[in-house]
Amino acid sequence: MPSKVTALPVRRTFGETMRTDAWWLQPVVVFVVFTSFVIYSTWAAFQGNNYYSGNLLSPFYSPLIWGDPEAHSFTGTLEPGWWPSFLPVFSPAFVILWAPVSFRLTCYYYRGAYYKAYWPGPSSCSVGTPREAYMGERNFPLILQNAHRYTLPFALLLLVFLSHDAWKALWFQTESGSEKLGLSLGTIVLTANVVLLSGYTFGCHSLRHLIGGGIDKLAGRPVQRAAYECVSWCNGRHMIWAWCSLIWVSFTDIYVRLCAMGIWADWRIL
Amino acid sequence: MKTTTFKVWQGNSDGGELKTYEVEVDQGYVVLDAIHRIQAEQANDLAVRWNCKAGKCGSCSAEVNGSPKLMCMTRIDELPADKPITVEPMRTFPVVKDLVTDVSWNYEVKASIKRFSPKTADHEDGSWDMDQYDVERPQEFRKCIECFLCQDVCHVLRDHQLHDRFAGPRHYVYVANMEMNPIDTGDRVAELREELGIGYCNITKCCTKVCPEGITITDNAIIPLKERVVDQSYDPLARLIKLVKGSGD
Amino acid sequence: MTQHQVLEYDVVVIGAGGAGLRAAIEAAAKGASVGLICKSLLGKAHTVMAEGGVAAALANVDDRDSWKVHFADTMRGGHYLNAWRMAELHAQEAPERVRELEGWGAIMDRTPDGLINQRNFGGHAYPRLAHVGDRTGLEMIRTLQDHGIHEGIDVHMEVTVSKLLMDGGRCAGALAYDRERGRFKAFKAKAVVMATGGIGRAFLVTSNSWEYTGDGHALAYHVGAELVDMEFVQFHPTGMVWPPSVRGILVTEGVRGEGGILKNSEGRRFMFEDIPPLYKESTADTPEEGWRYVVGDREARRPPELLTRDHVARKIVKEVQEGRGSPHGGAFLDIAWIKEHIKDSEDHIKKKLPSMYHQFKELAGIDITKEPMEVGPTTHYAMGGIRVDPDSQMSTTVPGLFAAGECAAGLHGANRLGGNSLSDLLVFGKRAGEYAAEFAAGNTPVHLQDEQIDLAVQEALSPLERDPGADVGPYRLQYELQHLMQDKAGIAREEGGLTEALNELQELKTRAQAMGAGGSREYNPGWHTTLDLQSLLTVAEAVVMASQARKESRGAHSRLDYLDKDPEWGTVNLVLKKGHDGEMELRREVIPEIPEELQKIIEEQG
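Residues numbered from 1 in each chain as written. Chains lettered and ligands numbered in written order. Predicted model: local features only at pLDDT ≥ 70, side-chain atom pairs only at ≥ 80, totals over all residues. Heavy atoms only, no water.

Engineer: Just checking my understanding: could you explain the overall build of chain C for this structure?
Structural biologist: Summing up its helical and strand segments, chain C has 17 helices and 18 strands in all. What you see for chain C is a C-alpha radius of gyration of 23 Å, in line with the 25 Å of a compact globule of 606 residues. Counting the 606 residues in chain C, one finds 67% classified as buried. Considering only contacts within chain C whose residues lie at least 6 apart along the sequence, 74% involve residues at least 24 apart. Of the charged side chains in chain C, 67 are positive and 90 negative; the average position of the first set lies 2 Å away from that of the second. (Helix = DSSP H or I, 4+ residues; strand = E, 2+ residues; numbered from the N terminus. Rg over C-alpha atoms; globule rule 2.2 N^0.38 Å. Buried < 20%, exposed > 50% of the residue type's maximum accessible area, 1.4 Å probe, protein only. Contact = heavy atoms within 4.5 Å. Lys, Arg positive; Asp, Glu negative; His and termini not counted. Charge placed at Lys NZ, Arg CZ, Asp CG, Glu CD.)

Right under this line is the structure:
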């Protein structure tokens with residue numbers, strides 16, 4: 001049991017440090033990028049339109065359970081019958097986005113990054129914090145971060161749907177009504193989106209634990225060991241995957257949205 | 001040889017201040033060389049702790065230009081040349097004198113952690129079979145030289161001073177080395193959650209950044225341990241599976 | 001009467017490196033109450049600097065190995081001046097001592113079968129060094145530390161012993177001061193184990209840290225213990241030479257064990273020249289054969305870089321003297337060349353020698369996976385030390401005083417094999433602890449005498465009372481001593497220089513006794529250095545006296561005026577003892593005859 005230590009140096013005030021480098025830069029960048037993403041994705045989710053164009057479907061709206069029948073929504077209806085009428089709008093994104101949002105909010109990487117940028121406790125290493133009291137992740141609500149692994153199956157499931165979307169983006173309607181294999185910039189955008197999201201999701205710390213990290217002997221279990229190696233590889237670059245996939249998923253929505261709005265025509269390569 | 005300005009914190013538990021010294025700096029000098037030069041030529045009683053001077057013992061921990069560093073591994077030619085170099089003692093521990101701090105708390109915490117307990121030996125001569133692949137995980141943690149820079153930089157100790165509730169990155173690395181040792185039978189997961197306070201860690205990764213041994217403290221030690229705590233305390237499904245299967249590995 | 005705290009134990013261990021920790025653990029396990037005194041923080045001792053491995057004939061990699069081969073290798077490496085009984089015990093007990101570490105949490109590198117892996121090292125016939133990359137010493141000290149803290153041992157950190165206390169003819173404890181406040185502590189103990197390590201700080205270029213001022217040697221000497229083999233100071237052939245601030249820092253022999261080769265400025269692999277007759281048969285003829293040995297070909301013989309340290313060090317010095325050295329006065333040690341044989345050699349090197357990679361990258365800006373290192377000899381290890389009974393490790397002349405590890409002598413003779421010090425400290429650390437506990441249990445309590453303590457306290461405090469400005473200050477004086485020893489009692493010695501050294505030492509002694517230290521008693525390194533100087537001067541004198549007496553070159557002792565081994569000296573140890581007049585006395589002592597069965601082993605092993 002650790003014991004109390006007395007006669008410690010006086011704690012430094014918020015932002016106080018002897019560091020001479022630009023320590024504030026990283027939290028500022030995180031703050032700006034993350035805030036921009038939240039604003040844009042909220043706006044896009046509330047739109048409820050322009051989420052598909054031809055064979056392209058925005059990742060914010062996939063899987064399309066309720067939505068435009070023209071976009072082949074599963075139910076073929078615009079909104080669920082149980083949707084409370086007192087809520088002004090329904091967007092197909094509402095029934096989907098809680099999954100990636102909860103996955104990312106409880107992600108071990110993002111936690112560290114957004115605590116620094118928003119909570120500033122601390123904003124950077126060896127820089128003073130604004131408040132003395134501190135609970136960590138031991139109490140409500142942050143104790144809920146421990147449920148990260150329960151958000152993982154949904155994140156993995158989304159990858160299946162998004163892969164399916166990328167597959168569909170390979171097929172183009174011909175004039176005769178049949179489908180023909182092809183390739184457009186949109187196909188590449190959607191495929192890159194799946195790759196980046198997979199890199200991020202498969203590098204999940206909880207997945208790493210569940211797939212092999214939780215046991216101490218992997219020798220003699222070649223399959224599990226290989227899986228653990230793969231996940232560990234992605235995990236070592238979790239931060240890169242996290243930011244690339246975050247930015248790209250927004251870009252994918254923007255791309256589809258621009259096509260749907262007729263501002264941009266998807267560029268057909270093959 | 002050129003002259004560099006150093007500002008070295010000098011004082012004791014009653015207080016102190018940065019004192020300025022002009023030091024002749026040779027090629028390849030590290031901060032510890034400059035401190036020794038000050039000690040030999042200008043302030044004989046300047047207190048500094050050091051031993052191996054090769055980054056292997058972890059004695060000469062201090063804060064150079066505000067960042068936790070081993071003085072023996074911080075080259076002067078890699079610091080900004082236009083500004084004075086500040087050298088201060090670690091802030092997370094009580095000052096003894098000048099650059100020396102009282103790090104005894106770390107030794108107390110370690111002694112309180114459940115010790116290593118091996119399973120019965122695999123061979124009659126008292127040896128165990130372990131696969132190189134499996135030992136590499138705990139071996140990473142055994143590189144720790146106990147410089148306590150990770151403890152120094154961690155805001156839970158540094159700013160919130162929760163020494164009585166939080167064991168700090170060094171001790172999570174220590175626990176991880178035993179928990180992941182293939183022949184250990186001890187279980188320290190409940191201890192991690194309660195007495196050792198792993199839940200206070202909010203993953204700033206500062207410990208990983210300052211580790212002179214390059215141990216990936218957060219991703220390879222703390223988070224896997226947090227996941228083991230989740231297994232035992234926050235995941236009803238995992239507990240159920242364990243109940244049905246019996247305790248596996 | 002002075003103020004001091006009295007602490008009472010059955011056994012007090014002075015020094016908390018590998019030997020001290022191992023002794024403390026054993027004494028505690030035998031039921032003794034144990035106090036462990038360390039000059040620094042726990043776990044920082046020089047043992048952490050040991051890189052290559054711990055020698056033990058586990059025969060995990062080559063089943064031809066056995067304690068007998070290890071014994072014969074150790075004797076040959078020591079030029080047969082070793083205490084043969086210690087060499088025998090060491091070779092027999094090392095495997096068990098190494099295996100037991102894994103039960104305390106150590107994790108050595110593995111063979112493909114999952115056993116403890118072993119690597120090649122200079123002078124060892126087969127791959128024998130259990131290791132963890134190149135940080136084996138750290139692994140050992142951390143293991144002993146983490147085990148020791150649960151064994152009920154009282155650890156006194158940053159406490160320095162300034163005098164051993166005596167009760168009649170028996171050792172009764174030690175007087176020490178703490179660094180933090182300069183408070184005095186009198187340790188009262190029925191048995192004292194000395195495990196203070198080496199004397200490297202007596203020299204200018206050394207791999208040793210500030211602590212290694214020969215305290216144990218000097219403290220024991222002053223209460224009547226005998227010192228033996230003091231002329232044998234090992235100069236490790238490969239220390240860093242550039243930049244100046246890192247000069248002397250060790251480059252592990254493991255680099256050569258993994259295939260590293262030595263070259264001069266002409267690019268020639270000079271180690272293939274002048275191979276000593278004793279090793280002619282077991283050394284490779286061609287670089288190609290040498291490489292096969294490195295990768296485990298049992299038919300191949302070892303490359304000449306893996307000859308004993310004394311020989312390699314002398315060869316490097318010779319190249320430098322003859323103008324074929326590297327730009328900063330060393331030789332080139334090249335591990336990057338193995339890319340000719342290994343596909344992903346860069347990763348391989350980083351994995352096998354991680355801290356060497358790191359050390360050169362950070363301190364010298366050199367990438368050892370691509371470029372050669374510059375290396376030269378550095379003072380590394382004292383073969384000589386307190387003369388002890390081989391079985392119990394008790395001093396031959398002071399009852400109740402035990403010694404283990406580097407500060408004890410006997411095992412290594414004229415030259416120590418790499419890897420034998422880590423096994424030494426385990427085997428004899430354990431023995432010292434065991435016999436110290438037994439001695440404590442079997443003997444009456446001791447009594448401390450206040451006058452003795454008062455005198456020692458006054459002596460320790462006297463530098464603070466003297467004028468600090470009168471001389472050059474303690475650091476500069478230490479520097480002068482190091483310079484003197486390096487120049488005149490270093491890797492190549494001769495009569496004239498040694499005589500001068502003896503005279504100059506007398507002068508330094510007088511100056512050191514008048515040396516004042518400024519500042520207070522609180523964490524004052526200037527004051528501590530003044531006190532350490534006293535020990536350094538004692539051991540320096542011992543080294544010089546013994547070096548002057550031994551008129552031959554053997555092992556680590558090289559005389560420019562007596563270039564060869566002299567068979568007459570081959571059976572003689574030099575023993576030093578404090579005379580009645582307080583002066584150092586030297587005598588020759590013939591080594592007891594080796595039992596027939598051991599002699600047979602030596603002959604069988606060639």
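Engineer: I'm lost on helix 16 (residues 525–549) of chain C in this one. Help?
Structural biologist: The periodicity of an α-helix, 3.6 residues per turn, causes residues three or four positions apart to be oriented the same way. All names here are of chain C. Taking 1.5 Å of rise per residue, the 25 residues of helix 16 would be expected to cover 36 Å, and the 35 Å separating its terminal C-alpha atoms lies within 8% of that figure. Most of helix 16 is tucked away: 24 of the 25 residues are buried. The opening residue of helix 16, the one whose side-chain oxygen lies 3.0 Å from the backbone nitrogen of Gly526, is Asn524. (Expected span 1.5 Å × (residues − 1). Polar contact = N/O pair within 3.5 Å; in protein donor to acceptor, adjacent residues only side chain to side chain.)

Engineer: Would you take a moment to explain the interface of chain B and chain A for this structure?
Structural biologist: Reports often express the size of an interface as the amount of accessible area lost when the parts come together. Each partner contributes residues to the interface: chain B has 67 residues there, and chain A has 56 residues. In total, about 5,400 Å² of surface goes out of reach between chain B and chain A, with carbon and sulfur atoms giving 51% of it. Where chain B meets chain A, there are 8 salt bridges. In this structure, Asp216 of chain A engages Arg228 of chain B in a salt bridge whose closest nitrogen and oxygen atoms are separated by 2.9 Å. Those elements that provide at least two residues to the side of chain B that touches chain A are strand 4 (67–70), strand 5 (85–88), helix 2 (104–112), helix 3 (132–141), helix 5 (155–158), helix 8 (206–210), helix 9 (217–234) and helix 10 (236–245) of chain B. With 10 residues, the top contributor of residues to the side of chain B that touches chain A is helix 9 of chain B. Class assignment of the residues belonging to the side of chain B that touches chain A gives a composition of 26 nonpolar, 16 polar and 25 charged. (Buried area = accessible area lost by both parts, 1.4 Å probe. Salt bridge = Lys/Arg side-chain N within 4 Å of Asp/Glu carboxyl O. Nonpolar A, V, L, I, M, F, W, Y, C, P; charged D, E, K, R; others polar.)

Engineer: Explanation requested: the interface of chain B and chain C in the structure shown.
Structural biologist: Contacts between chain B and chain C engage 62 residues on the former and 63 residues on the latter. For the chain B and chain C pair, buried surface summed over both sides reaches about 5,200 Å², with 52% attributable to carbon and sulfur atoms. Its largest share of buried area at the contact with chain C, chain B owes to Lys56, Arg115 and Arg142 of chain B, together 15% of the area lost on that side. At the junction of chain B and chain C, the tally comes to 9 salt bridges. We note a salt bridge from Glu151 of chain C to Arg115 of chain B, for which the minimum N-O separation is 2.9 Å. Ranked by residue count, the leading element in the side of chain B that touches chain C is helix 3 of chain B, at 5 residues.

Engineer: How should the packing of aromatic side chains be read in this particular structure?
Structural biologist: Remark: the centre distance and the inter-plane angle together describe each pair of aromatic rings, the angle taken between the planes. Using the criterion set out here, one finds 38 aromatic pairs over all chains in the structure. With a centroid separation of 5.6 Å and 90 degrees between ring planes, the pair formed by Trp66 of chain A and Trp82 of chain A is classed as edge-to-face. Placement of the pair is Trp66 of chain A in the loop between strand 2 (56–57) and helix 2 (94–105) and Trp82 of chain A in the loop between strand 2 and helix 2, with a sequence separation of 16 residues. By relative accessible area, which is 17% here, Trp66 of chain A ends up buried. Since its relative accessible area comes to 54%, Trp82 of chain A is described here as exposed. Arranged with centres 5.5 Å apart and planes meeting at 55 degrees, the rings of Tyr109 of chain A and Tyr110 of chain A form a pair that is tilted. No difference in accessibility class separates Tyr109 of chain A from Tyr110 of chain A, as the two residues are buried. Feature note: the residues Phe31, Phe34, Phe103, Tyr109, Tyr110, Tyr114, Tyr115, Tyr118, Tyr200 and Trp243 of chain A constitute an aromatic cluster, connected by ring pairs. One residue, Arg268 of chain A, lies across the ring of Phe172 of chain A, its end atom 3.9 Å from the ring centre. Over the face of the ring belonging to Tyr479 of chain C we find Arg476 of chain C, whose NZ or CZ atom lies 5.8 Å from the ring centre. (Phe/Tyr/Trp six-rings, centres within 6.5 Å; stacked < 30°, edge-to-face > 60°. Lys NZ or Arg CZ within 6 Å of the ring centre and 35° of its normal.)

Engineer: I'm lost on a nonpolar patch on the surface in this one. Help?
Structural biologist: Residue and element names in this part refer to chain A. A contiguous nonpolar surface patch, about 970 Å² in accessible area, is contributed by Ile188, Phe251, Ile254, Leu258, Met261, Ile263, Trp264, Trp267, Ile269 and Leu270. Take the nonpolar patch: its biggest share by element is 3 residues, from helix 8 (residues 238–260). Within the fold, Trp264 resides in the segment after helix 8. (Patch = residues over 30% accessible without salt bridge, like charges linked within 9 Å, V, L, I, M, F, W, Y side chains within 5 Å. Areas by Shrake-Rupley, 256 points an atom, 1.4 Å probe, with all protein chains shown as cover.)

Engineer: I would appreciate a short explanation of the sheet that holds strand 3 (residues 54–55) of chain C in the present structure.
Structural biologist: To summarise the sheet geometry, strands pair through backbone hydrogen bonds and adopt either a parallel or an antiparallel arrangement. All names here are of chain C. Pairing in this open sheet of 3 strands is antiparallel, and the strands run 3-5-4 from one edge to the other. On the outer flanks of this sheet lie strand 3 and strand 4 (118–119), each paired with one strand and no other. Pairing of strand 3 with strand 5 (residues 129–130) involves 2 bridges; the strand directions are antiparallel. Opposite Ala55, over in strand 5, you have Leu129 as the bridge partner. (Pairing = 2+ DSSP bridges.)

Engineer: Would you mind showing me how to read the state of the cysteines here?
Structural biologist: Note on terminology: a disulfide is the covalent bond linking the sulfur atoms of two cysteines. Taken as a whole, this structure holds 1 disulfide over all chains when the rule is applied. The disulfide bridge from Cys125 of chain A ends at Cys206 of chain B, spanning 2.0 Å between sulfur atoms. Across the S-S bond linking Cys125 of chain A and Cys206 of chain B, the dihedral sits near -90 degrees, which makes this disulfide left-handed. In this pair, Cys125 of chain A is assigned in the loop between helix 3 (108–118) and helix 4 (148–168) and Cys206 of chain B in helix 8, connecting two distinct chains. The two residues Cys125 of chain A and Cys206 of chain B agree in class, both being buried. (Disulfide = S-S within 2.5 Å.)

Engineer: For this particular structure, what's the right way to read the domain arrangement of chain B?
Structural biologist: Residues and elements named next belong to chain B. By the assigned domains, chain B splits into domain 1 (2–101) and domain 2 (104–245). Relative placement of domain 1 and domain 2: their C-alpha centres are 31 Å apart. Taken together, the 14 residues of domain 1 in the interface contact 16 residues of domain 2. When the two sides are added together, the surface that domain 1 and domain 2 hide from each other amounts to roughly 1,100 Å², 58% of it contributed by carbon and sulfur. (Domains from an automatic or database assignment.)

Engineer: Please clarify how the pattern of salt bridges should be interpreted in this entry.
Structural biologist: Oppositely charged side chains may form a pair once their charged atoms are brought near each other. With the rule as written, the count across this model stands at 93 salt bridges over all chains. For Glu194 of chain B, the salt bridge identified is with Arg193 of chain B, shortest N-O distance 3.1 Å. In this structure Glu194 of chain B comes out as partly exposed when scored by relative accessible area, which is 40%. The class for Arg193 of chain B is partly exposed, based on a relative accessible area of 29%. A salt bridge links Glu26 of chain C to Arg22 of chain C, with the shortest nitrogen-to-oxygen separation between them at 3.0 Å. A residue pair is termed a helical-turn pair when its members lie 3 or 4 positions apart in one helix, as Glu26 of chain C and Arg22 of chain C do in helix 1 (residues 18–29) at 4 residues. A relative accessible area of 8% places Glu26 of chain C in the buried class. Among the ionic contacts, a cluster of salt bridges with common partners joins Arg22, Glu26, Lys30, Glu96, Arg97, Glu100, Lys430 and Glu434 of chain C.

Engineer: Is there a simple way to think about the domain arrangement of chain C in this case?
Structural biologist: Residues and elements named next belong to chain C. Assigned domains within chain C: domain 1 (5–232 + 383–450), domain 2 (239–376) and domain 3 (465–571). Listed by partner, the interface residues are 25 residues for domain 1 and 27 residues for domain 2. Summing both sides of the interface, domain 1 and domain 2 together bury roughly 2,200 Å²; the carbon and sulfur share of this comes to 45%. Among the residues of domain 1 in contact with domain 2, Glu51, Asn120 and Asp134 are the three that bury the most area, contributing 26% of the side total. Taken together, the links from domain 1 to domain 2 amount to 3 salt bridges. In this structure, the salt-bridge partner of Asp62 is Arg298, at a minimum N-O distance of 3.7 Å. Across the domain 1-domain 2 interface, the total number found is 13 residue pairs in polar contact (both at pLDDT 80 or more). Residues of the side of domain 1 that touches domain 2, tallied by class, amount to 5 nonpolar, 12 polar and 8 charged.

Engineer: It is not clear to me how helix 11 (residues 354–364) of chain C should be interpreted in this structure. Could you clarify?
Structural biologist: Residue and element names in this part refer to chain C. Here helix 11 has its buried residues at Ser355, Met356, Tyr357, Gln359, Phe360 and Leu363. On its buried face, helix 11 sits against strand 11 (233–240), helix 6 (254–257), helix 10 (345–352) and strand 14 (373–382). Of the residues flanking the end of helix 11, it is Gly365, one or two places downstream, whose phi is positive at about 65 degrees.

Engineer: Sorry if this is basic, but what is going on with unusual backbone geometry here?
Structural biologist: Excluding glycine, most residues fall at negative phi; most peptide bonds, likewise, are trans. Following Phe140 of chain A, the chain continues into Pro141 of chain A via a peptide bond in cis, with omega recorded as 5 degrees. Mapped onto the elements, Pro141 of chain A comes out in the loop between helix 3 and helix 4. In this model, Trp242 of chain C is joined to Pro243 of chain C through a cis peptide bond whose omega is -5 degrees. Locating Pro243 of chain C in the fold gives a position in the loop between strand 11 and helix 6. A positive phi is found at Ile203 of chain B, a non-glycine position, where the angle reads about 60 degrees. With respect to the element layout, Ile203 of chain B can be found in the loop between helix 7 (189–193) and helix 8. In this structure Ile203 of chain B comes out as buried when scored by relative accessible area, which is 2%.

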